[in-house]
Amino acid sequence: MLSTWVVAPTCLPLVRRRCHVCGSDRFRASGKFRVNANHKLIDAWLLVLCTSCGATAKLTLLERANVRSVRPELLDRLHDNDLGLTAELLQDPVVRRRNRIALDWDDAWRLDTGGSDHLDREVIDVSVRFAARIPVRPVRLIAEGCRLSRAEVERLVAEGKLVSAVRLGGRLSGDFTFTLKR
Ligand SMILES: [Zn+2]
């Protein structure tokens, strides 16, 4: 029987970016946007605050874009400081590349295993789904979900008792399945 685990965000991730005021390298989303319309051109930014000194930085979303090229629904959400939009944009690779930022998901996600019934079985088949593209180590997830230490999980991989089509040693941010036989 296949069990499903879900990696789900619990809050917004932090933004990794150097603060020009204090040198810290973590910002949190303020939940606010700034929109500047000048005739037919529009600029829009997502405002983030340094977690250390509170300085504001702007992440560019739109740069001198033609107003008519911007979906009205997006404009409404920018003007409304839509929190869901902040989450979507932070996960948008285009926004991240443009602003040269990375995300820090530590303490911003949880693993839902749907209970521990499956742990008694001799063979455990698990499908892990990601509700957001959160980079995590499968070894860590499996250790948490199966209530094992990381060293035990690594030993099971080495012994061929824990198998997957993906490499369990690195980081992943997309769905995968694994089988544990003991
Ligand atoms: Zn700062």
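The model shown is predicted, which means the values in this text are computed figures rather than measured ones.

Procedures and definitions
- Residues numbered from 1 in each chain as written.
- Predicted model: local features only at pLDDT ≥ 70, side-chain atom pairs only at ≥ 80, totals over all residues.
- Heavy atoms only, no water.
- Buried < 20%, exposed > 50% of the residue type's maximum accessible area, 1.4 Å probe, protein only.
- Helix = DSSP H or I, 4+ residues; strand = E, 2+ residues; numbered from the N terminus.
- Arc of directions from axis to C-beta.
- Contact = heavy atoms within 4.5 Å.
- Donors = N, O, S within 2.8 Å, 3.2 Å for Na, K, Ca; no water.
- Tetrahedral: all angles 85-135°; square planar, octahedral: opposite > 155°, others 65-115°.
- Axes fitted to C-alpha atoms, helices over the stretch in contact; angles between N-to-C directions.
- Parallel < 35°, antiparallel > 145°, perpendicular 65-115°, else oblique.
- Left-handed = near helix turned anticlockwise from the far one by under 90°.
- Nonpolar A, V, L, I, M, F, W, Y, C, P; charged D, E, K, R; others polar.
- Phe/Tyr/Trp six-rings, centres within 6.5 Å; stacked < 30°, edge-to-face > 60°.
- Lys NZ or Arg CZ within 6 Å of the ring centre and 35° of its normal.

**Some remarks on helix α1 (residues 72-79)**
Listed in full, the buried residues belonging to α1 are L74, L75, R77 and L78. Buried residues along α1 cover an arc of 165° about the axis, so they all sit on one side. Exposed positions of α1 whose direction lies more than 90 degrees from the buried face are P72 and H79. Where α1 is buried, its residues touch β3 (26-38), β4 (41-50), β5 (56-66) and α2 (83-90). N81 lies just past α1 and shows a positive phi near 50°.

**Examining the coordination of the zinc ion**
With distances of 2.3 Å, the protein atoms coordinating the zinc ion are C19 (SG), C22 (SG), C50 (SG) and C53 (SG). Around the zinc ion sit 4 donor atoms, and with donor-metal-donor angles ranging over 104 to 112° the site reads as tetrahedral. Read N to C, the donor residues that coordinate the zinc ion are spaced as C-x2-C-x27-C-x2-C. For C22, a relative accessible area of 38% puts it in the partly exposed group.

**Regarding the packing of α1 against α2**
For any two helices packed against each other, the geometry is given by the interaxial angle and the distance between the axes. Running from N to C, α1 and α2 point in directions that differ by 110°, and their axes come no closer than 8 Å. Between α1 and α2, the interaxial angle falls into the category roughly perpendicular. Between α1 and α2 lies a crossing whose hand is left-handed. For the pair formed by α1 and α2, the contact residues are L74, R77 and L78 on the first element and G84, L85 and E88 on the second. For the contact of α1 with α2, the class distribution of residues is 3 nonpolar, 1 polar and 2 charged.

**Looking at the packing of aromatic side chains**
Within the structure shown, the criterion is met by 3 aromatic pairs. Each ring, one from F130 and one from F176, has its centre 6.4 Å from the other, and the planes form 45°; the classification is tilted. On the criterion of sequence distance, the pair formed by F130 in strand β8 (residues 123-130) and F176 in strand β10 (residues 176-181) is long-range, its members being 46 residues apart. Classification of F130 as buried rests on a relative accessible area of 11%. With relative accessibility at 6%, the residue F176 sits in the buried group. Each member of the aromatic cluster is reached from another via a ring pair, and the members are W5, F130, F176 and F178. Sitting over the face of the ring of W45, K58 holds its NZ or CZ atom 4.1 Å from the ring centroid.

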